[in-house]
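Per-entry structural report
Each chain, written out:
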2 protein chains.
Amino acid sequence: MDVKELYKKKDDFYGKKVTLEGWIRNHRKQKEFGFIDFSDGTCFSHVQIVYDQSLSNFEEITKLMVGSAIKIEGILQKSEGKGQEFEIKLLSYELLGDCPKECPLQPKRHSNEFLREIAYLRPRANLFQAVFRVRSVAAYAIHKYFHKRGYLYFHAPLITASDCEGAGEMFQVTTLDLNQVAKTGKVDYAKDFYGKKAGLTVSGQLEAETFAMAFKKVYTFGPTFRAENSNTKTHASEFWMIEPEIAFCDLEQLMDIMEDFLKYIVSYVLKHAKEEMDFFDRYVEKGLKDKLNKLLESKFTKVTHEEVITILKNANVSWEFPPEYGEDIAKEHEKYITDYFQGPVFITNWPKDIKAFYMKQNSDQKTVAAVDLEVPGAGELMGGSQREENYEKLIKRMEELHLNKEEMQWYLDLRRFGGCTHSGFGMGFERLLIYLTGVENIRDVIPYPRTPGNCEF
Amino acid sequence: MDVKELYKKKDDFYGKKVTLEGWIRNHRKQKEFGFIDFSDGTCFSHVQIVYDQSLSNFEEITKLMVGSAIKIEGILQKSEGKGQEFEIKLLSYELLGDCPKECPLQPKRHSNEFLREIAYLRPRANLFQAVFRVRSVAAYAIHKYFHKRGYLYFHAPLITASDCEGAGEMFQVTTLDLNQVAKTGKVDYAKDFYGKKAGLTVSGQLEAETFAMAFKKVYTFGPTFRAENSNTKTHASEFWMIEPEIAFCDLEQLMDIMEDFLKYIVSYVLKHAKEEMDFFDRYVEKGLKDKLNKLLESKFTKVTHEEVITILKNANVSWEFPPEYGEDIAKEHEKYITDYFQGPVFITNWPKDIKAFYMKQNSDQKTVAAVDLEVPGAGELMGGSQREENYEKLIKRMEELHLNKEEMQWYLDLRRFGGCTHSGFGMGFERLLIYLTGVENIRDVIPYPRTPGNCEF
């Protein structure tokens, strides 16, 4: 039986014999009795196992090491101790896998930095039990949200020969033998696996658009890559992204979907990972649950980029980065704006020169129908846009930016063959997890994070 | 409103005005009236839109091109024609995006080969509407199956510096400038993104084991890569895989999970993609639904590899590849065995020399606790094993196979620190889709397939 199941059905088992398999997370022994803190990882709660001298192998049991895998049989009974509703009175046990003292994970406070070095053991620690269970619950919530609303789950290709968006930040993928390249002094892409230069995608959006033109509502949820040499708390070179794309949907409708989607996920995780969220609230970010509940209750504000700059310029603040019309905003501005509106803010109609080529050009000739969602305590959590559906305007923009039109003819052709108003947004999954858990470093919400110089396990 | 919603709530809308946005999939016009075959891609069923000369713009409407995006208003009414329950009597329309004749996708029979060349348009064709909707439904079923049973969804890393399993079949991932490598004649991995040679993973299993040792039941569902230069109907260089890993689970229990899992997915898809499955049954593989229903009713047989070879040797068949104890079996053998047992067959206890290093060594010193599931009409659909949990045996096996122990110390250490009996299996998602849809070529169940020489879109 799983511990999770036992918690659900405990009332059926009081006074009865139960069998569990799992690990010793802590062990307190006294002269005449002992307590084993037991977990099988199926839920955040542990089970207390009590034993006493009446067992013939009492001495042997007291020697069981923290971290060991054991199978136990015992009687479920109400607990008289504090901190747990029930406990199991041990009848017998079997040692399945010992855990010697040299195990680097011990039942004490380790730093997150140290735990990263033993990433293969850290999921056994409380913090990571909570983090990765929330990661799993949130992923399920995302699939459920879209599935129930009729979206098609679209698997975007990861290896791509197009570098339209990723110039300079793409990993190259090759089967050429680099030593051979060095030896011969020649790079012959005709001999590479795909017969040309290929790399890892930075976004599945362009391909998702082709599916939105056939299924109306689609979403991607998969890995994406950035070969960006940034060693910050929020950058990883491999991360998961969610990119919905919706036909017959303009920027206004898109913002409604973004708000509804985010509230659904937050609410789902609060409800379905209750213990984990309590843990984060208590030990990781005080006030986390208040922050999330406040988000659920707030109506998101919609303002234009121009209005935001005006507000920032009028603010009585000495900015590190002075705000400017036509320019991007900095972290300090994001924070000011969400404080100013006391809640999440959609910033729309961004200067076209700082946004991507595919965004719909507004009639002012200066801005595009893009939107960033700024969330208190998270900064920019999602970004999206209405896509340019006008063939001529899109071509002209690609020419201005010296993008390869021939390579992108299929993308352009979506505008020639039954094109329509359509919009989409992207959300980095790890950015959401940082927001949901209060954990600050992206390295701690990815099972095996990849960052410059780090590709362990 | 989505067409899917209209089908569900049609009884509420008879005689009422409805508004739809979507695409013209076919258009028959006669002198006094016309029929538009309309779809918005939210479900397999189309909607028939009828119009007649009473509309002042009748002539204009007759000129609407197949493939165009339109918005229509009309009255929902019972249909007198055959083939549909209801139709919409057109009141007005708006052309959202025209579709000129040069659109390469036309309402006629195209070959699958041609459709691959226009993969950005093929999701609009009936076959691919069905294929990719089943892909999405099956993916959801997989997440649902594991989630409901308490499995943790684990995102395995895709970029890896370990090549334990993938020797020779791995793509290399690099940020080194190949032209620079050619020019200088030097490969300096210290300057590569991760400071060492890295590649794309061929399996997330080893990392999944680390999480099973913390969460008991986990699964991966993500992309994997093979740089294998095979141009066959069943090989792609980028595909999605499902890899569950379960602690405190032996080979017998694993087979029960494999059977239960497969039956759940097949049953879910039959139920939730009814129209699509009818379509495949009628146009792609006659008898498909019978095949799948038979699987649901059958109890899977369990036999050892040795027993299988004996059966094959005793068969009155002149084999192209003569069966041998200690060797792998061929496609012709797989087919014979599922025919012989008239249903799915688990083949267990494989010769250790043809299986992976991490599989549990049986006491006969010759075989390992591995299992392949052979399914009528699909061949090998899943493969799994109990994992070797004995540290010394695992080390010895790695030494015999000249594998890098130092690099894999973390994997070995799982056996030192609270190790236990554990098992897992893998299933190629596309192989399942080929089985579920009857579509023969893996290139036709992946949105943008990657194969040797092919990396388009």
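Up top is the structure.
Rules used in this analysis
- Residues numbered from 1 in each chain as written.
- Chains lettered and ligands numbered in written order.
- Predicted model: local features only at pLDDT ≥ 70, side-chain atom pairs only at ≥ 80, totals over all residues.
- Heavy atoms only, no water.
- Helix = DSSP H or I, 4+ residues; strand = E, 2+ residues; numbered from the N terminus.
- Buried < 20%, exposed > 50% of the residue type's maximum accessible area, 1.4 Å probe, protein only.
- Contact = heavy atoms within 4.5 Å.
- Areas by Shrake-Rupley, 256 points an atom, 1.4 Å probe, with all protein chains shown as cover.
- Lys, Arg positive; Asp, Glu negative; His and termini not counted.
- Charge placed at Lys NZ, Arg CZ, Asp CG, Glu CD.
- Least-squares fit on C-alpha atoms with pLDDT ≥ 70 in both.
- Buried area = accessible area lost by both parts, 1.4 Å probe.
- Salt bridge = Lys/Arg side-chain N within 4 Å of Asp/Glu carboxyl O.
- Nonpolar A, V, L, I, M, F, W, Y, C, P; charged D, E, K, R; others polar.
- Pairing = 2+ DSSP bridges.
- Phe/Tyr/Trp six-rings, centres within 6.5 Å; stacked < 30°, edge-to-face > 60°.
- Lys NZ or Arg CZ within 6 Å of the ring centre and 35° of its normal.
- Polar contact = N/O pair within 3.5 Å; in protein donor to acceptor, adjacent residues only side chain to side chain.
- Axes fitted to C-alpha atoms, helices over the stretch in contact; angles between N-to-C directions.
- Parallel < 35°, antiparallel > 145°, perpendicular 65-115°, else oblique.
- Patch = residues over 30% accessible without salt bridge, like charges linked within 9 Å, V, L, I, M, F, W, Y side chains within 5 Å.
- Arc of directions from axis to C-beta.

With respect to the overall build of chain A
A count of helices and strands for chain A gives 15 helices and 16 strands. The principal-axis extent of the C-alpha atoms belonging to chain A is close to 85 × 60 × 45 Å. Evaluated residue by residue, chain A yields a buried proportion of 59% over its 457 residues. Of the contacts formed within chain A by residues at least 6 apart in sequence, a portion of 67% connects residues at least 24 apart. Total accessible area computed for chain A in this model is approximately 19000 Å², and 47% of it derives from carbon and sulfur atoms. Across chain A, the centroid of the 62 positively charged side chains sits 4 Å from that of the 70 negatively charged ones.

Considerations on the relation of the copies chain B and chain A
Mapping chain B onto chain A leaves a residual RMSD of 0.0 Å; the transformation is a rotation of 180 degrees accompanied by 0.0 Å of translation along its axis. Considering both components of the superposition, the chain copies are consistent with a two-fold axis. When you check the interface residues of chain B against chain A, 100% turn up at the interface there too, and the contact is symmetric in its surfaces.

A few points about the interface of chain B and chain A
By a widespread convention, an interface's size corresponds to the accessible area lost as its parts come together. Counting residues at the interface gives 110 residues for chain B and 111 residues for chain A. Counting each side, the surface lost to burial between chain B and chain A is near 8900 Å², with a carbon and sulfur contribution of 64%. Our enumeration of links across chain B and chain A arrives at 10 salt bridges. A salt bridge links E102(A) to R416(B); the nearest nitrogen and oxygen atoms lie 3.5 Å apart. When residues in the side of chain B that touches chain A are grouped by element, the largest group, 12 residues, is from helix α5 (residues 126-148) of chain B. Residues that form the side of chain B that touches chain A fall into these classes: 58 nonpolar, 28 polar and 24 charged.

With respect to the pattern of salt bridges
All names here are of chain A. Overall, the coordinates contain 68 salt bridges over all chains when judged by the stated rule. Between D52 and K89 there is a salt bridge whose closest N-O contact spans 3.0 Å. One end of the pair, D52, is in strand β3 (residues 47-52); the other, K89, is in strand β5 (residues 86-97), with 37 residues separating them in the sequence. Of the residues examined, D52 reaches a relative accessible area of 23% and is grouped as partly exposed.

Examining the sheet that holds strand β15 (residues 379-386) of chain A
Residue and element names in this part refer to chain A. Taking strand neighbours across the sheet as the criterion, the 8 strands line up as β6-β10-β11-β16-β15-β14-β13-β12 in an open arrangement whose pairing is mixed. Each edge of the open sheet carries a strand with a single partner, namely β6 (152-153) and β12 (301-304). Relative to strand β11 (residues 238-247), strand β10 (residues 217-225) is paired through 9 bridges, and the arrangement is antiparallel. Each bridged residue has a counterpart across the sheet, and for Y219 the counterpart in β11 is P244.

Re the packing of aromatic side chains
Following the criterion strictly, the structure yields 77 aromatic pairs over all chains and no others. Measuring from centroid to centroid gives 5.2 Å for Y145(A) and F146(A), while their planes differ by 85 degrees, and the two rings are edge-to-face. The same class applies to Y145(A) and to F146(A), which are both buried. Consider the rings of Y448(A) and F457(A), whose centres lie 5.4 Å apart with planes at 50 degrees: the pair is tilted. F457(A) matches Y448(A) in its accessibility class, with the two residues each being buried. Connected via pairs of aromatic rings, a cluster forms that spans Y120(A), F128(A), F132(A), Y448(A), F457(A), F154(B), F211(B), F215(B), F357(B), Y358(B), W410(B) and Y411(B). Positioned over the ring face of Y411(A) is R415(A), at 4.2 Å from the centre of the ring.

Points about the environment of S230(B)
All names here are of chain B. Tracing the chain through its elements places S230 in the loop between β10 (217-225) and β11 (238-247). When the C-alpha positions of S230 and E59 are compared, they lie 54 Å apart, and in sequence the two are 171 residues distant. Residue contacts for S230: discarding those within four places in its chain leaves H235 and P452.

A look at the side chain of H422(B)
All names here are of chain B. Inspection of the secondary structure puts H422 in strand β16 (residues 422-428). With relative accessibility at 2%, the residue H422 sits in the buried group. For H422, the side chain forms a polar contact with the side chain of E209, separated by 2.7 Å. Not counting the four nearest positions on each side in its chain, H422 is found in contact with E209, M213, E245, I246, A247, F248, C249, Q386, R387 and R415.

A word on the packing of helix α11 (residues 305-314) of chain B against helix α12 (residues 331-340) of chain B
Residues and elements named next belong to chain B. The interhelical angle for the contact between α11 and α12, taken along N-to-C directions, is 95 degrees, at an axis separation of 11 Å. Looking at the two axes, α11 sits roughly perpendicular to α12. Each of V308, I311 and L312 in α11 lies in contact with α12, whose residues at this interface are H333, Y336, I337 and Y340. Along the lines of polarity and charge, the residues of the contact of α11 with α12 split into 6 nonpolar, 1 polar and no charged.

Description of the pairing of strand β13 (residues 345-351) of chain B
All names here are of chain B. Among the 7 residues of β13, 6 are classified as buried, and the element is accordingly described as predominantly covered. Pairing geometry for strand β12 (residues 301-304) and β13, over 4 bridges, is parallel. In the sheet register, V303 faces β13, and the bridge partner there is I347. Summarising the sheet, β13 and strand β14 (residues 367-375) pair through 6 bridges and their orientation is antiparallel. The partner of P351 across the bridge, within β14, is T367.

Brief notes about unusual backbone geometry
All names here are of chain B. Of note, the phi angle at H402 is positive, near 55 degrees, even though the residue is not glycine. Within the secondary structure, H402 is located in the loop between α13 (391-400) and α14 (409-413). Unusually for a residue other than glycine, F457 sits at a positive phi of about 70 degrees. With respect to the secondary-structure elements, F457 resides in the segment after α15 (429-437).

Some remarks on the packing of helix α9 (residues 274-283) of chain A against helix α10 (residues 288-297) of chain A
Between α9(A) and α10(A), the shortest axis-to-axis distance is 7 Å and the interhelical angle comes to 120 degrees. Counted together, M277(A), D278(A), F280(A) and D281(A) of α9(A) and L288(A), K289(A) and L292(A) of α10(A) form the full contact between these two elements.

Some thoughts on a positive patch on the surface
A grouping of K4(A), K8(A), K148(A), K4(B), K8(B) and K148(B) is seen on the molecular surface, where their side chains present a positively charged patch. Secondary structure elements with two or more residues in the positive patch: α1 (3-8) of chain A together with α1 (3-8) of chain B. Examined against the element boundaries, K8(A) turns out to sit in helix α1. By relative accessible area, K8(A) is classed as exposed at 69%.

A few points about the environment of I337(B)
Residue and element names in this part refer to chain B. Relative to the assigned elements, I337 resides in helix α12. Looking at I337, the relative accessible area reads 0%, which means it is buried. Distance from I337 to K183, taken between C-alpha atoms, is 56 Å for residues 154 residues apart in sequence. The residues touching I337, leaving out its near neighbours within four places in the chain, are V308, I311, L312 and V345.

So, helix α10 (residues 288-297) of chain B
All names here are of chain B. Every buried residue belonging to α10 is among L288, K291, L292 and L295, and all of these are buried. Along the long axis of α10, the arc covered by the buried residues comes to 95 degrees, so they all point the same way. For α10, the exposed residues set more than 90 degrees away from the buried face come down to D290, K294 and E297. Lining the buried residues of α10 we find α8 (251-272), α9 (274-283), β14 and α15.

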